[in-house]
Structures are given as structure tokens and as C-alpha cells.
Amino acid sequence: MTKAQDISAIIAQRQPLAKKLGEIETRLEALCQSLGRLEQERQRQIQQWSGDSGTTSKLKNLKLTEFEQRVREELTTLHRLKERFSRNTLNIGVIGSMGQGKSTLLQSLTGLTNQVIPAFPGKACTAARSKISHQDGQITEARIEFHSRDSFLKEVILPYYDKLGLEPKPSSFEAFASSPLPDLPSQDDTTQENIYNRLKNDYHRHADQYREYLGRDGLRLQDESQISSYVAQTYEDNQLVNHQCLAVKSVEISCPFPVQEIGAIALIDVPGLGDFRLGDESLVIEALGQEVDFILFIYKPSKDRSQFEQRDTQLYNLASQALNNLSRRSIFVLNVDSNGQNQDSCRSLKQDLDSLDSNAVILPVLESVIADCSSPEEANTQVLGTVLNHLRTNVTELDQAYAQEKITSLESSLQALQGDLEAAQSILPEIDSDEISEKYDEKFDEFWETITNELEELNKELIKNRDTPDENLKSQIEQVLANCRENVNFPSLKEIERLRNKKGAYADTYTAYLQDLRTSLSLKFLEMDEGLKKTIEAAKANVANVLIHQCELGGLTDARGSAFITDIAQEMPEDYVELKTGFQILAEFTLSYRGLIQHRIRQQLDGLTPDKAYPLKEGAGAEDISENLETLYWEAVYNCENSLKGFFVEPSQASFAIVEEFSDRILRAKTAKTDWKKFLRKKRHTIWSDFGKLQEQSQAVQGWVRQLNSIRTEVEELDKAFKNL
């Protein structure tokens, strides 16, 4: 197979692995969310068991947030790995300190010029991380991604504040741009001062020049002269002139590489290290961790220097933080001058790199190569050719090994989690259902003894008083009779004469006044309803008080008095027939004037009925009518009073009868006791505080166990996914 076919085969082999990793990532994300919910539940449980120091101590010692954080770290690594395996290119990272020839090598490999990849002596030229992909054809195209204001603040500006100890830190880009820059705390450190000047002279002073690019949609450019202004930093008189490059987050460039048969290869270029711009190290780690399969370390020794420095080992260590198995994923390129002036230095360093001598600088790589990076031929044959050979032989194995390494780490974490879940299962006290049932049986026996005794005592009291005149009715009748006596208007002689003139006869006038007196007197007796109602409502309230206070059933409803009986009648399930019927009978029972007394009162009003009243004597006039009306009215009032004396005991007898009927239904009916026991069992947690607390605790335990079981299931599914990898 050709190199291009080999690379395509490697990429194809990665796709199933990427899909499986994606499934694992989805399950891990769900697990993290479940752990977050479990942490919230743990906090709630701490409050629930606040009176149990042993339980709360165990709950506080359960470090769910620490484990969730560990899983999220694994998830981040897994996501990067999945993204790496999902790519349609193999990516080669090219890194090196400023001035080592990194950009020169990229030019030689890609065929791009200084317009796109600047390679000038002096200041660092690369402005942002770039990805350069091979694409058949003749067109070079760049896709520019800009920072948002938030990402610019977080990734570019705040690292300067952290590094230099500047306070206060800006809360937004606008705050940074519009406020004076804090003074540098110390002026004695030259490096710190140079870094501070970079922040001040480039980013702060010229915020207005690049502000408009922050948050802008990406650009697509095919004019190489325009591309350079976003990719490269251009200086005149030591001053940056193309400030838009500061807002660039990343650049993707596609162009035809000189060596066509390399296939789906992309080169990743990051800003050179070594100047005073911060954020470069994080760019290196991010680029390597997410986008790179293989690394080229570029180093150009001088003709007089043939040893590595501390910054070189620091760069290597930085790369090793981001890319696994770096020693098997990298080569070292010693950049030799085209005139060969530093040839000896390059050979000396290669000897050090290849040496097993413990005194040599340890920078383990697959191979070290001496090549003139400015020569396209050497760059492609000696550098890129070497990389492709190693990719063809190593990368698939390394991918599988790295994936398995991450999965093994995850499996270890999940095993620890399973152990924690097992321990968490027994943290909460066990709520013994048998013990609760026994406790309920005892409580019900107390209830049954109380309700039977208290209602029996109430019935005895009602029996004792059932032949006693009801004070409510007696008082109401006295008020009505007093009203009858005090609020009566007999017509004057003048009024009688006026009505006679209107009707044309004294007889018709007499009839009209009789009907008026009878009607007004009848209406006054309707007020007796209030007295009857008070008595029956009091009887209902007495029953309610027994049930609420002595029997402790107040938790069934917030209503009190007779409304308590009504609420229970409405809420009692149909299944409990006798109980529901008893409460309905009591709730609906009432005494009314119309049903009990009105027909008897009407009999006493016959004397005010025209056909039954004293007739007018022959030749009678207004005085005779007035005398008859008063006589008949007072006789009617007197007769009504006498007829009502026998009714004073009716409400007492009715109260006794309805309460006794209620007691028979809810206490003495065949299924009454069984129904009470079933009904109160379901309502015990709302009635008795002990059971209410036990109910809350039982629900708390059930909720806790449900969440633990849910997470355990998710862990088991993850374990299956691991085995299928």
C-alpha cells in the first residue's frame, strides 16, 4: 500500500473505537449527573437525620464530590481521546522555542510562504495556533476563528494578572479595556517587567484596535496576503501593527502539500515559546492533548553551542503532560544550517539524544534526525518520511494501548465507587417494618379504647340531658316572642279610614289588615332557625372535639368544629362504607323551623285568617276594626307561646339521637373496627407525629436507596461498555 493508503487505513481503524468511546462518554456524563443528584440528596439527608449524630457523621464522610470530580477529570481525558480518534486526519504537532526554525520547517513541508507562515529572524512571528491540512488542488484557504470576549478574558488576559499578581482582576473584557492597568507590584524582576509591558503595550493600549474582532463570526480567506495579517505578528519600530491577530483563537489552513502521496495528514503549529507572551504553554497542552498524534521537536543549535538548556527539557516535560507515550510518539529534529555551520553541534546533540549514558540529557524520543528545515527535499524525506514510517508502525498500537490505559483507570475508579456505594447503602438506619406494624397495632388499640369510651361518655351526657329544655331554642323563642310584642304596628284610625275609602267597605279593610298582621307575625318566627342550628352545630362540634382532641385525629384535616365532620365525610374513601355513612349522616343532619315547628305555629295564626277571625258587628267602623285587630293579634301571640313550650326539649332529643346513630355506625357496625384500622393505617403519618417522622425517615431511606441503585445500574452498564471496547 502507498503511504496515503496506510494513513487512510489507520484513520478507518479509529472510527469504531471513537464510536465506542462516545458511548462510554455519554454514560459517564450521565453518571456524573447522577452523582451530582446524589450529592444533593446527601445534603438533604444530613438535614433529615440532624438529630442522629452517628448517621450525619457517616453522611458527611461520604466524599461524593471528590469522586464526581475524579470522574469528570477522566471524562475530560476520554473526550479528548474520542475527538482524536474521530478525526479524519493524522495530526503532527510541530513545537519548538522561538527562533528554532519551526515556521521554516512548516514552509518546507506545506509549500506555504512567509505571507502565511512567517519565518523572520527576531521577534516571535506566529500569532495563534494553526492547523495546516493537505488538500488537492491549487487553492490555499484559511478559516479564522476569533475569541469571544469571555474566552479572550479567561484564556489571554487573566493569565497575565495571575502571573504578575495584579489586582483587582477585571470581571469582563470591558472592565479590562476601560480601566487603568494596575501597577506592577515589584519592579525588580526584569522578566516580570517585560511580561507586564507585553500586557500593557499590546493588549491594553490597543484594546480598541482589536475589540471589534472579539466575538466576530469566523472568516474564510483565500488571499494569502490577507491571511498573514491574522496568522502572523507584524512589527514596525518595535510596535505591533496588525492588532487583529491578537483576537485570533485558532487558524485552519488547507493547501496542496508538495508531496502529494502523504494523504490525510495535518500539521499543528503553536506559537513559539520563549518570548514574554503568556498563554503559550496552555496552548501547547491544549493542542497536543486534543489534536496531535505525533510530535516533532525542533531545535537549532548554534555553531558554538552543542548542549541542551533547561528550557528544552521544560518544553519536553510540557509536551509529556498532554500526550501519552511521548517517547513513542515523537522525534527530535536538529535543524542544520544550509551552509552546515552548525553541523558539528547537531551531530554532538544527536549523539547525546541517542546515547544511553546516564550523564546525557534525557529526552526520550523514537529517533533523532539532522535535517536542513529550509530544504523542502530534506524536510519531506528525512523529517516527514521518518514521521510517516513511525505512524504506520506505531500509532494504531499506541491508540489501543492508550484507550485501554484510560479504561483501566476508569475501571479502577468505578470499582472504588462501587465500594463507596455498598458502604453508602448501610449508612442510613434501617426502618424495621415489623416494628412499625407492632407500634401501629399498639397505637390503634389505644385509639379504639379512647374513641369507644369518649363517644360513650358523650352519649351518656346527651341521654342525661335529652329531656332538658334546650337553652339555645328557649333563648331564641324568648327573643322571637319579645320581638312579636315589641315590634308590632297596629293601624291608626286615620289609616283605617283612608284604606276604607280606597276599598269602599270596612269589611274589605278589615280583611286586608288581618292578612298583613298574620304575615308579619309568621315571618318573626322564622328566626327560630338560628337557635335550632346552634344546638345541632354544637352537637357536631362536641363529636369533632372528641375525635380531634381525645382521639388525636386532628391531623386528618385543618378544619375544626362541625366542618371537621363534613371534611371527613367528603374525604372518607367509599371502601369504608359504615364509616363514610356515619360521617355523612352526622354532617348532613339539621333541624329547621319549617320542618319541625312551622306547621304548629300556623295553627295558632288561624285567628288572623279573615274567614276564621271575629266578624265585624253590623254597622262597625274604624274603632271596631282597631279593637278586633289588637285582640286577635295578642291572642295569636299568646297561643303561639303556649304551643312552643313543648318543643324546648326537641333539639336535645335530636342531638342525642343523631350522635347515638353516628356512634352505632362508626363503632358498633360489623366492619367498623376493621375499617378504622385500615383507614388509620394509611393516615397514621399525618395523624400521629411519631409515625409522621417514621414515614419521613422511611421515605428518605427509600429515596436514598433508589438513587444508589440507579447509580449502581449505570456503573454496571459502563462496565459492560468497557468490556466491549
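The protein chain has the name Apolipoprotein A1/A4/E family protein in an unreviewed UniProt entry, where Phormidium yuhuli AB48 is given as its organism.

Asker: For the overall build of the protein chain, give the residues involved together with the corresponding values.
Answerer: For the protein chain, the count of helices and strands is 26 helices and eleven strands. Taken over C-alpha atoms, the radius of gyration comes to 50 Å for the protein chain, far larger than the 27 Å a tight globule of 725 residues would show. Projected onto the principal axes, the alpha-carbon positions of the protein chain cover approximately 160 × 70 × 55 Å. Counting only residues that meet the buried cut, the protein chain has 47% of its 725 residues in that class. When contacts within the protein chain are restricted to residue pairs at least 6 apart in sequence, long-range pairs at least 24 apart make up 80% of them.

Asker: I'd like a description of the environment of A507, backed by residues and values.
Answerer: Structurally, A507 is set in helix α17 (residues 506-525). Using a relative accessible area of 45% as the deciding quantity, one classes A507 as partly exposed. In this structure, the C-alpha to C-alpha distance between A507 and I157, residues 350 residues apart in sequence, is 113 Å.

Asker: Break down unusual backbone geometry for me, with residues and values.
Answerer: Note: most peptide bonds trans; most residues except glycine with negative phi. For the peptide bond that leads from E167 to P168, omega is 0°, which places it in the cis range. Its location among the elements puts P168 in the loop between α5 (149-164) and α6 (173-178). A positive phi angle is found at E552, which is not glycine, with a value near 60°. By the element assignment, E552 lies in the loop between α18 (528-550) and α19 (562-571).

Asker: Can you break down the packing of α18 against α19 residue by residue, with the values?
Answerer: Interhelical geometry of α18 versus α19 gives an angle of 70° and a closest axis separation of 7 Å. By the criterion of interaxial angle, the relationship of α18 to α19 is roughly perpendicular. Contact with α18, carried on its side by E537, K540, A541, V543, A544, L547 and I548, involves S562, F564 and I565 of α19 and no other residues of that element. When the residues that make up the contact of α18 with α19 are grouped by side-chain class, the tally is seven nonpolar, one polar and two charged.

Asker: Describe the packing of aromatic side chains, with residues and values.
Answerer: Inspection of every chain in the model, using the stated rule, returns 26 aromatic pairs. Judged by centre distance (5.3 Å) and plane angle (50°), the rings of F152 and Y210 are tilted. Here F152, found in helix α5, pairs with Y210, found in helix α8 (residues 207-210); they are 58 residues apart in sequence, far enough to count as distant. With a centroid separation of 5.8 Å and 70° between ring planes, the pair formed by Y576 and F679 is classed as edge-to-face.

Asker: Explain helix α15 (residues 471-486) residue by residue, including any values.
Answerer: For α15, spanning 16 residues, the distance from its first C-alpha to its last is 22 Å, which sits close to the expected 22 Å at 1.5 Å a residue. Listing the buried residues of α15 in full gives L473, Q476, I477, V480, L481, N483 and C484. Taken down its axis, α15 places every buried residue within 155° of arc, on the same side. α15 presents E471 and E486 as exposed residues on the side facing more than 90 degrees away from its buried surface. Those residues of α15 that are buried are in contact with α17, α18, α23 (622-644) and α24 (650-668).

Asker: Provide a residue-level description of the pattern of salt bridges, including the pertinent values.
Answerer: All chains considered together, the criterion is met by 37 salt bridges. For E552, the salt bridge goes to K443, with nearest N and O atoms at 3.4 Å. Taken as a pair, E552 in the loop between α18 and α19 and K443 in helix α14 (residues 433-465) lie far apart in primary sequence, 109 residues in all. Residue class for K443 comes out partly exposed when judged on its relative accessible area of 23%. When the shortest N-O distance is used, the salt bridge between D664 and R668 registers 2.7 Å. With D664 and R668 both in helix α24, this residue pair falls four residues apart, about one helical turn. On the basis of relative accessibility, which here comes to 32%, the residue D664 falls in the partly exposed class.

Asker: Could you give an account of the nonpolar core, naming the residues involved and the relevant values?
Answerer: Counting 68 residues, the largest nonpolar core has Y203, Y210 and L296 as its most contacted members. The next biggest cluster of nonpolar side chains, apart from the first, holds 40 residues, and it includes I658, V659, W676 and F691.

Asker: Tell me what's going on with the UniProt feature "coiled-coil region" (unreviewed entry) in the protein chain, and back it up with residues and numbers.
Answerer: Per the UniProt annotation, the sites labelled "coiled-coil region" (unreviewed entry) are residues 21-84. Within the segment residues 21-84, helix and strand shares are 89% and 0% respectively, and the terminal C-alpha atoms sit 11 Å apart.

Asker: An account of the packing of helix α16 (residues 493-503) against α17 is needed here, citing residue identities and associated values.
Answerer: One way to put it is that α16 packs onto α17 with a least axis distance of 8 Å and a crossing angle of 120°. Of the two possible hands of crossing, α16 and α17 adopt the one that is right-handed. When α16 is examined against α17, the residues E495, I496, E497, L499, R500 and K503 are found in contact with a partner set consisting of Y506, D508, T509, A512 and Y513. Grouping the constituent residues of the contact of α16 with α17 by class yields five nonpolar, one polar and five charged.

About the thresholds
Residues numbered from 1 in each chain as written. Predicted model: local features only at pLDDT ≥ 70, side-chain atom pairs only at ≥ 80, totals over all residues. Heavy atoms only, no water. Helix = DSSP H or I, 4+ residues; strand = E, 2+ residues; numbered from the N terminus. Rg over C-alpha atoms; globule rule 2.2 N^0.38 Å. Buried < 20%, exposed > 50% of the residue type's maximum accessible area, 1.4 Å probe, protein only. Contact = heavy atoms within 4.5 Å. Axes fitted to C-alpha atoms, helices over the stretch in contact; angles between N-to-C directions. Parallel < 35°, antiparallel > 145°, perpendicular 65-115°, else oblique. Nonpolar A, V, L, I, M, F, W, Y, C, P; charged D, E, K, R; others polar. Phe/Tyr/Trp six-rings, centres within 6.5 Å; stacked < 30°, edge-to-face > 60°. Expected span 1.5 Å × (residues − 1). Arc of directions from axis to C-beta. Salt bridge = Lys/Arg side-chain N within 4 Å of Asp/Glu carboxyl O. Core = buried A, V, L, I, M, F, W, Y, C linked by side-chain atoms within 4.5 Å. UniProt positions renumbered as here; feature names shortened; annotations may be inferred. Left-handed = near helix turned anticlockwise from the far one by under 90°.

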